[in-house]
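Here's the letter readout for the chains.
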Amino acid sequence: MAAASGGSVSMVFTDIESSTQLLLSLRERYVEALELHRRVLRRAWTAYEGKEMGTEGDSFFVVFDDPSAAVHACLQAQRELATQEWPARRPVRVRMGVHTGNPMPHGDGFVGADVDLAARVSAAAHGGQIVLTRASFEPVAPLPEVRGRGTDLGWHRLRGFPDPVHLYQLSVPGQKSQFPPLKTLGARASLPVDAGPLLGRDADLEALAALISEPLTCLTLTGPGGVGKTRLAVALAARVSIEFPDGVFFLPLATVATADGLWRGLIEALGVPGEPTTRSGFLERLAQQRALVVLDNLEQIVDGPEAVSGLLAGAPSLGVIATSRRRLHVRGEREYVVAPLGVPAGDDAETLNASPAVELFCQHARTARAGFTLTDENASDVAEICRRLDGLPLAIEIVARRSRVMSSGVLLRQVTDALDVVDPLVGRPLRQQTLRRAVGWSYDLLTPREQATFRCLAVLVAGGSVEACSAVAGVDDPQDVFADVESLVEASLVLVDDDALGEPRVHMLQTVRAFAGSLLEGSGEADGARRRQAEYLLRLATDFWSSRGTPDTPAKRQRLQMESANLRATLAWALDPASATRSAQDARLGVRLAAHLGSFWFGIGAFAEGRAWLLRALDVDTGEPTPERAALLCSASEFLGPADDQRRPALEEAVAISCALGDPRLESEALAALARQATDAHEFDRADQLARESATLASAHRDWNRLWGALQAETFLELERGDYSKALAVLTRARTVAGNAGNELGFIVAEAWSVMCLAYLDRVAEATDRLVDMVRAAPAVEQPLWMLNVLCAGAHVCALLHDHARAARLAGAYWAALKRAGDVLDADAEEEWLRETSLATARTALGSQRWAAAAAEGERLTTTDALAEAALAGTGDAGRHGRT
């Protein structure tokens, strides 16, 4: 052996766990088991050129030239031991300890502290376990057979050795990897080994380290399952271990159900063999120590917080880091909510490289398929996978490891099934082997009522207010659902933040919502929850509809905008003609909802979306003469092209229904819409009569919003006739009506058209000043429809001021904005618009080629730059960037 000449050797000690009990159980067959055990081990020692230094009873002492040979021999031995047919089917479990050092030669053997240390390491292990010192583990850690299978067991005190020893466990593929704490005098740092670098957590570690540096009692890391609480807690404990001279201890509690089990685990991990094991004796000894204990997965222990409170009271110098899906509520506790990893906002290389979620995906994809790299072809798929998985580390790791058999594109298409993808990683706790189990672990801890609320919240695809949660859950008292939401937040199953109006909004991670949705569908409660959501959203839409043209309109529009995704999901369910479970009542809910959203979609510039839903609602509607049908027909007509043959009959039906129902307000609205259709058809006398009838009805009932609509119809008529003076007079009245009613959007639209009328009347200085005032109002308005009107007015003013290039840029920006909104446009419509307005002169002056180039430049302008162009109306190209 090399040690004879002064080199190091690797020493292996083994023996059978509980050999006395095995002897009493097998009796005369024990010899048979012992001999079979010896044959298996000796085959392994021989295969790797190990030399037996001593064999006594059921133990072996074997030396090898290097750690690699020793480790391979132990792995082979444990694999073969697990496959043997043992007498009476009583398996023989062998514990193994490995240490590499420089023992002193003595006769045919070795003596010295290194030999004793190897023996102590073996004695501390359990049957089936391979335990190594750092001197043996580090040289073999990079080997493919070892990589990812090592667990850092931390620093341990061994009898007869004054200094702690750093120990590791090596797992055998396919065999047990979880063992009780080592039988040592106590671990100084029994932390699990990291599977790889901790990504995207630098800021978290800094913040947590700052908390630890203050007087610490209990620091609880909370967050949803799979977010990485354990890894962060372990990294934090390792970072601050120097501040705890009496040791850092890690106690996994996933399989512990009671406070008694927690106490037993604490005593086993922190206690000293031979000393009192009663709780009071344990606390008395621990009270004198400055140690840190990591309590991992506390949430399922109902009386766990009381046990932690008793631990802290009995050992005030002890520091506790707890991981839990809910806070403990013990005295002196500090909670730190662990968020998912940051996901990329875009798909460009710089954004992707800065995303820890993408980096984590690539790290695990490379372990599954050597040579995996982020390329131009797969980058957008990887980014979208990370976004759909909410940056949840467990989800990303599980999906990324499927890269061995699937491309990123296929993974993206199948990521919705990620809940049930099984993680192939050996040693992963059962609760984290699939996302469904990880989330289900928290769900199972809820009360039946909390579980029911959780399932129903799955229909809120964009989250919702507490009122929305109460509605979909079918809970009459919002305080009851508020208590349920608090419990769900505590369980890290939902998140709460402030919405744009400063009110609390409840939402779920996509992966958690997918789990809740699967439970909801399986419970038979799905249609009921969706029906209640539709009724809630209808109340919001009706409230907005009735408030149109009032000071409350912007806030109510903003509330509906926050519900856009929920509105889409609800309409898709209610208006699905192929649904087997949707009832006629549900379909009518969808029709009523769409009917009350027309002005909302128009106001936010969502022309394509509004048109699609309204036409779909018309297809589903029964055709009965209801107020909803009349409103639906009026709304749909606003989204149809000027030449669409459906407009006139739809609006005539709306007028007939409103007359039959005796609803003058609805009739006024339908008449105004019909007047605009007549104007588009160049039936000017008919349009004039319809607009006046609409205005008379609205005035009689002091309905200022519908009066503004009638005046708008009259304005369009006069603009088509080319009577700009009369149009300006109507617009002046419309501005007054809108201002008195608090109709902000109506006022702005009237002002924009007034600017164009002033420009056509050669009052260009006045038009320019009012246009600049509109641009300055931009930060306070933030409405797409207002933006469109400003750009349109700006283009006409610039054309009349002979600022031709700027007119072209603003026309291009206006046309691009219309297309983005989904308006019904084509090249012929654009040409007609250019030919019949003042823009025709500007295009002629520039020439078709220069006009097209400037318009294309305008199409690429941002909102800010387009407004800056409008504010510079009339300054010419030379002043383009010189005036604000």
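Right above here is the structure, for reference.
All figures in this text were calculated on a predicted structure; none of them were measured in a lab.

K.L.:
Looking at this model, I keep getting lost on the side chain of Glu333. Mind explaining?
P.N.:
Mapped onto the elements of the fold, Glu333 is located in strand E14 (residues 333-337). A polar contact of 2.6 Å, which involves the side chain of Glu333, links it to the side chain of Thr220. Setting aside chain neighbours within four positions, we find Glu333 in contact with Thr217, Cys218, Thr220, Arg327 and Leu328.

K.L.:
Hey, could you run me through the pairing of strand E11 (residues 248-252) in this one?
P.N.:
The side chains of a regular strand alternate between both faces of the sheet. Among the five residues that make up E11, four are buried, leaving the element largely enclosed by the rest of the structure. Where E11 meets strand E12 (residues 292-296), five bridges bridge the pair, whose relative direction is parallel. Residue pairing across strands places Phe249 opposite Val293, the latter belonging to E12.

K.L.:
When you look at the sheet that holds E14 in this model, what are you seeing that I'm missing?
P.N.:
Hydrogen bonds between backbone atoms are what pair the strands of a sheet, whose relative direction is either parallel or antiparallel. Pairing in this open sheet of five strands is parallel, and the strands run E11-E12-E13-E10-E14 from one edge to the other. With one partner strand each, in any of the chains shown, E11 and E14 form the two edges of the open sheet. Along the sheet, successive strands turn relative to each other by an average axial angle of 15°, direction set aside. Summarising the sheet, strand E10 (residues 218-222) and E14 pair through five bridges and their orientation is parallel. Opposite Thr220, over in E14, you have Glu335 as the bridge partner. With respect to the sheet, helix H7 (residues 229-240) is in contact with E10, E11, E12 and strand E13 (319-323), its orientation differing from that of E13 by roughly 160°.

K.L.:
Please explain the packing of helix H32 (residues 724-741) against helix H33 (residues 744-760) as it appears in this structure.
P.N.:
When two helices pack together, their arrangement is given by the angle between their axes and by how far apart the axes lie. The interhelical angle for the contact between H32 and H33, taken along N-to-C directions, is 160°, at an axis separation of 9 Å. Taken together, H32 and H33 sit at an angle that is classed as roughly antiparallel. Handedness of the H32/H33 crossing: left-handed. Across from Tyr724, Ala727, Leu728, Leu731, Ala734, Arg735, Ala738 and Gly739 in H32, the residues of H33 making contact are Gly746, Phe747, Ala750, Glu751, Trp753, Ser754, Cys757, Leu758 and Tyr760.

K.L.:
Honestly, the pattern of salt bridges in this entry has me stumped. Any pointers?
P.N.:
Oppositely charged side chains can form a pair if their charged atoms are brought close together. In this structure the tally under the stated criterion is 47 salt bridges. Where Glu766 meets Arg770, a salt bridge forms, and the shortest distance between an N and an O atom there is 3.6 Å. Of this pair, Glu766 and Arg770 both sit in helix H34 (residues 764-776), four residues apart, which is roughly one turn of that helix. Across the pair Glu869 and Arg806 runs a salt bridge whose closest N-O atoms are separated by 2.6 Å.

K.L.:
Explanation requested: the nonpolar core in the structure shown.
P.N.:
Nonpolar side chains tend to gather and get buried jointly when the protein is soluble and globular. Counting 187 residues, the largest nonpolar core has Phe361, Phe454, Leu457, Leu597 and Trp601 as its most contacted members. Filtering out sequence-adjacent residues up to four positions away, Leu457 remains in contact with Cys469, Val472, Leu488, Val494, Val506 and Met508. Residues Leu26, Val71, Leu132 and Val172 belong to the second largest nonpolar core, which totals 36 residues.

K.L.:
How should the environment of Arg402 be read in this particular structure?
P.N.:
Looking at the secondary structure, you find Arg402 in the loop between helix H14 (393-400) and helix H15 (408-414). The spacing of Arg402 and His364 is 38 residues in sequence and 9.2 Å in space, taken between C-alpha atoms.

K.L.:
Explanation requested: helix H12 (residues 356-368) in the structure shown.
P.N.:
Since the α-helix packs 3.6 residues into each turn, any two residues three or four apart lie on the same face. In this model, H12 (13 residues) spans 19 Å end to end at C-alpha, consistent with the 18 Å of a helix rising 1.5 Å per residue. The buried count for H12 comes to ten of 13 residues, which makes it a mostly enclosed element. Along H12, the residues classified as buried are Pro356, Ala357, Val358, Leu360, Phe361, Cys362, Gln363, His364, Ala365 and Ala368.

K.L.:
Sorry, what's going on with unusual backbone geometry here?
P.N.:
Apart from glycine, the bulk of residues carry a negative phi angle, and the bulk of peptide bonds sit in the trans form. Located in the positive-phi region is Ser18, a residue other than glycine, with phi close to 55°. Along the chain, Ser18 turns up in the loop between strand E1 (9-16) and helix H1 (19-26). Residue Ser18 is classed as partly exposed on the basis of its relative accessible area of 42%. In the Ramachandran plot, His802 falls in the positive-phi region, its phi being about 65° despite a non-glycine side chain. Locating His802 in the fold gives a position in the loop between helix H36 (784-800) and helix H37 (804-821). By relative accessible area, which is 59% here, His802 ends up exposed.

Calculation rules
- Residues numbered from 1 in each chain as written.
- Predicted model: local features only at pLDDT ≥ 70, side-chain atom pairs only at ≥ 80, totals over all residues.
- Heavy atoms only, no water.
- Helix = DSSP H or I, 4+ residues; strand = E, 2+ residues; numbered from the N terminus.
- Polar contact = N/O pair within 3.5 Å; in protein donor to acceptor, adjacent residues only side chain to side chain.
- Contact = heavy atoms within 4.5 Å.
- Buried < 20%, exposed > 50% of the residue type's maximum accessible area, 1.4 Å probe, protein only.
- Pairing = 2+ DSSP bridges.
- Axes fitted to C-alpha atoms, helices over the stretch in contact; angles between N-to-C directions.
- Parallel < 35°, antiparallel > 145°, perpendicular 65-115°, else oblique.
- Left-handed = near helix turned anticlockwise from the far one by under 90°.
- Salt bridge = Lys/Arg side-chain N within 4 Å of Asp/Glu carboxyl O.
- Core = buried A, V, L, I, M, F, W, Y, C linked by side-chain atoms within 4.5 Å.
- Expected span 1.5 Å × (residues − 1).

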